[in-house]
Structure formats: structure tokens, C-alpha cells
Amino acid sequence: QLQLVESGGGLVQPGGSLRLSCAASGGFTLDYYAILWVHQAPGKEREQVSCESRGAGMTWYVDSAKGRFTISRDNAKNMIFLHMNSLKSDDTGVYYCVASNRGSCPADYEDMDYWGQGTQVTVSS
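The sections below set out a description of the structure shown in this document. (Residues numbered from 1 in each chain as written. Predicted model: local features only at pLDDT ≥ 70, side-chain atom pairs only at ≥ 80, totals over all residues. Heavy atoms only, no water.)

Under the defined criterion, the tally for this structure stands at 6 aromatic pairs. Taking 4.7 Å as the distance between ring centres and 45° as the angle between the ring planes, the aromatic pair formed by Phe28 and Tyr32 counts as tilted. Overall, Phe28 belongs to the exposed group, its relative accessible area being 55%. Owing to a relative accessible area of 30%, Tyr32 belongs among the partly exposed residues under this scheme. Between Tyr32 and Tyr33, the aromatic rings sit 5.0 Å apart at their centres with planes inclined by 90°, giving edge-to-face as the arrangement. (Phe/Tyr/Trp six-rings, centres within 6.5 Å; stacked < 30°, edge-to-face > 60°. Buried < 20%, exposed > 50% of the residue type's maximum accessible area, 1.4 Å probe, protein only.)

So, in C-alpha cells, the structure goes:
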């Protein structure tokens, strides 16, 4: 089974930048999966913010993240990344690294097969 472990969260000032990392182990090789980042703001439902399809042929971003967030992966190192720029207070919350066997983007919730434990991001002055 695939295991995912996030890191890189923390406290950042509005307008700042942060890079989240996700280490993958087990399962198939990382390029088999679509990869996603899911954000859960305090008191809100989980929201898919970024997705990269199997083979990295297509990327998807929620409107609020376009131009600010970049999803990427390093298959050789089994790592998934989310680069976040121009951070806003609304970006505050837990970010989950997710993988999907289906392989397409964006992903339905039922197709989000593997989840990390989440990492906290707080955007505040």
C-alpha cells in the first residue's frame, strides 16, 4: 500500500511563500498515480486545490490557487511538492497530500485513495 507523509507547513506572513513536501513509499511507482493537494480551512469542507494527472500530462488548479500555487513531483525521489506564493489568510488550514489510482484530474472525492496525515499552514501577520 502507498503511504504519504507531508511536511513543510508552518506560520507565514500574508504575501509570503511556502513549500510543502510529501514523501511517498510503498505501492506502485509514484508516476502511476494522479497526485493532489487538498485544503481544509478551519470549520470548512475539504477542497481540492491542485492536481497532476498520471504521467504529468495535465495539471489542474482551483481558481483561487491559479497563478499562486504550483504542484510538481520528483518520481525518482518519490516526492510530491506544492509551492505556494502570495499567501493569503484564506489559505490557512490543513493541507493533505493525496494519490489516486484513477489517474485523472481533477479527482472525485471517491477516487482519492491514499491520504497523508496533513500539515498545518497558518497565514497571519
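Having seen the model, we can carry on.
Once that is clear, we can look at the environment of Ser17. Summarising the element assignment, Ser17 is placed in the loop between β2 (10–12) and β3 (18–25). Linking Ser17 and Lys88, residues 71 residues apart in sequence, is a C-alpha distance of 9.9 Å. Sequence-distant contacts of Ser17, that is, excluding residues within four places in its chain, are made with Val12, Met84, Asn85, Ser86 and Leu87. A polar side-chain atom of Ser17 sits 2.9 Å from a polar atom in the side chain of Asn85. (Helix = DSSP H or I, 4+ residues; strand = E, 2+ residues; numbered from the N terminus. Contact = heavy atoms within 4.5 Å. Polar contact = N/O pair within 3.5 Å; in protein donor to acceptor, adjacent residues only side chain to side chain.)

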